[in-house]
Amino acid sequence: MIVVKVGGAEGINYEAVAEDAASLWKEGVRLVLVHGGSSETNKVAEALGHPPRFLTHPNGMQSRLTDRKTLEIFEMVYCGLVNKRLVELLQRHGANAVGLSGLDGRLLVGRRKTAVKYVEDGKVKVHRGDYTGSVEEVNTGLLRLLLEAGYLPVLTPPALSYENEAINTDGDTAAAKVALALGAETLVYLSNVPGLLADYPDEGSLVREIPVERIDEPEYMALAQGRMKKKVLGAVEAVKGGIKRVVFADARVERPIRRALAGEGTVVR
Ligand SMILES: Nc1ncnc2c1ncn2[C@@H]1O[C@H](COP(=O)(O)OP(=O)(O)OP(=O)(O)O)[C@@H](O)[C@H]1O
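Conventions we followed
- Residues numbered from 1 in each chain as written.
- Predicted model: local features only at pLDDT ≥ 70, side-chain atom pairs only at ≥ 80, totals over all residues.
- Heavy atoms only, no water.
- UniProt positions renumbered as here; feature names shortened; annotations may be inferred.
- Axes fitted to C-alpha atoms, helices over the stretch in contact; angles between N-to-C directions.
- Helix = DSSP H or I, 4+ residues; strand = E, 2+ residues; numbered from the N terminus.
- Parallel < 35°, antiparallel > 145°, perpendicular 65-115°, else oblique.
- Contact = heavy atoms within 4.5 Å.
- Nonpolar A, V, L, I, M, F, W, Y, C, P; charged D, E, K, R; others polar.
- Pairing = 2+ DSSP bridges.
- Near = heavy atom within 4 Å.
- Polar contact = N/O pair within 3.5 Å; in protein donor to acceptor, adjacent residues only side chain to side chain.
- Areas by Shrake-Rupley, 256 points an atom, 1.4 Å probe, with all protein chains shown as cover.
- Buried < 20%, exposed > 50% of the residue type's maximum accessible area, 1.4 Å probe, protein only.
- Right-handed = clockwise from strand over helix to strand, strands pointing away.
- Salt bridge = Lys/Arg side-chain N within 4 Å of Asp/Glu carboxyl O.

In the annotation of an unreviewed UniProt entry, the entry for the chain reads [LysW]-aminoadipate kinase, and the organism field reads Thermus filiformis. According to UniProt, the comment filed for the chain under the heading Sequence similarities (unreviewed entry) is "Belongs to the acetylglutamate kinase family. LysZ subfamily." The annotation that UniProt attaches to the chain under Pathway (unreviewed entry) is "Amino-acid biosynthesis; L-lysine biosynthesis via AAA pathway; L-lysine from L-alpha-aminoadipate (Thermus route): step 2/5."

(A) Region of interest: the packing of helix H4 (residues 140-148) against helix H5 (residues 171-182). The interhelical angle for the contact between H4 and H5, taken along N-to-C directions, is 75°, at an axis separation of 10 Å. One way to sum up the angle between H4 and H5 is to call them roughly perpendicular. Of the residues in H5, those in contact with Thr140, Leu143, Arg144 and Leu147 of H4 are Val178, Ala181 and Leu182. Of the residues assigned to the contact of H4 with H5, the class counts are five nonpolar, one polar and one charged.

(B) Focus on the sheet that holds strand E12 (residues 166-167). Judged by pairing direction, the sheet is mixed, and its four strands sit side by side in the order E9-E6-E11-E12 without closing on themselves. This sheet does not close on itself; its edge strands, each paired only once, are strand E9 (133-138) and E12. Inspection of the sheet shows strand E11 (residues 159-161) paired to E12 by two bridges, in the antiparallel sense. Counted as the bridge partner of Ala159 is Ile167 from E12. Against the sheet, H5 contacts strand E6 (108-112) and E9, and its axis sits at roughly 15° relative to E9.

(C) Broad picture of the site of the ligand. Close contacts around the ligand come from 18 residues, with Lys5, Gly37, Asn192, Tyr200 and Lys231 the closest. One nitrogen or oxygen atom from the main chain of Ser38 is found 2.8 Å from an oxygen atom belonging to the ligand. Here an oxygen atom of the ligand and a side-chain polar atom of Tyr200 are 2.6 Å apart. Bound to the protein, the ligand loses 87% of the 640 Å² it would expose on its own.

(D) Up close: the pairing of strand E2 (residues 31-35). Burial analysis of E2 places five of its five residues in the buried class, which makes it a mostly covered element. Every second residue of E2 is oriented toward a common face, with Leu31, Leu33 and His35 on one face and Val32 and Val34 on the other, all of them buried. Here strand E1 (residues 2-6) runs beside E2; their pairing, made up of five bridges, is parallel. What sits directly across from Lys5, in E2, is Val34. You can see the chain leave E1, run along helix H1 (residues 14-26) and come back into E2, and the turn it takes is right-handed. Note: E2 against strand E10 (residues 152-156), two bridges, orientation parallel.

(E) Looking closely at the pattern of salt bridges. Within the structure shown, the criterion is met by 18 salt bridges. Here Arg92 makes a salt bridge to Glu88, at a shortest N to O gap of 2.9 Å. Residue Arg92 and its partner Glu88 are both found in helix H3 (residues 68-92); the two are separated by four residues, about one turn of the helix. Accessibility expressed as a relative area gives 54% for Arg92, which makes it exposed. For Glu88, a relative accessible area of 46% corresponds to the partly exposed category. Among the ionic pairs, Arg269 bridges to Glu209, the shortest N-O distance being 3.3 Å. Taken together, the residues Arg269 in the segment after strand E16 (266-268) and Glu209 in strand E14 (residues 209-210) connect sequence positions 60 residues apart. Judged by relative accessible area, Glu209 falls into the partly exposed class, the value being 38%.

Encoded structure:
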């Protein structure tokens, strides 16, 4: 079983991702796709006159401020535009794909974080009423039902809170939870870069391998900084949880999944 998370940054070759996923599928490889949609969401939000806002948390991480209107725009893009684009392309390439959000059949359930701490002008403040949260449970029964019946699931945030509200949740973490819950051997993260870059955006600085047992060494700790911190630490956690390897690879190329499986990109194991 392979879980592939398709990032939502500019430049993703959806056609190539779908063609590759469908051909693997037809060869009998069991596959679940999870996708993002961040850059399209930003564009649609601008166009609808509700521009994106981001909060910087005390630990330096950033997240999208998600009020009710933002959540609705997020759903339009993730569950609508991006999910259906992938399902259509997969169907065109012969895979019987089914697109589902975390809400459908309680596929991804988690805790809503209504009060979010953020930093502004050097001060820690609290933003209330946010529709964000993290996935804690995956409905593997529903996923197995689909997989066993020959469908290719295409999953997207939002998740469902315990109070049955939609919550914006991080796609990378959701993909890791799905991979762990299904006992996948490989988790692939595709985005618009060749993998993890030690000196972003210099593509020549691609990190080929991160051995999890050496993550505490300064050379590897240095990689777990800024925007990449969540990705690196999330991958380490996934491997520690039982996934054999996590590969960060390029989604701008032909056959992106096969290349990742061949070890092109950053391999965390
Ligand atoms: N050190 C780094 N190595 C690689 N990529 C980096 C690094 N620092 C920042 N990035 C950026 O991180 C982004 C991660 O891509 P990804 O598509 O997963 O975005 P995302 O915001 O997680 O998308 P979504 O939330 O829609 O899934 C890339 O677009 C890349 O440009």
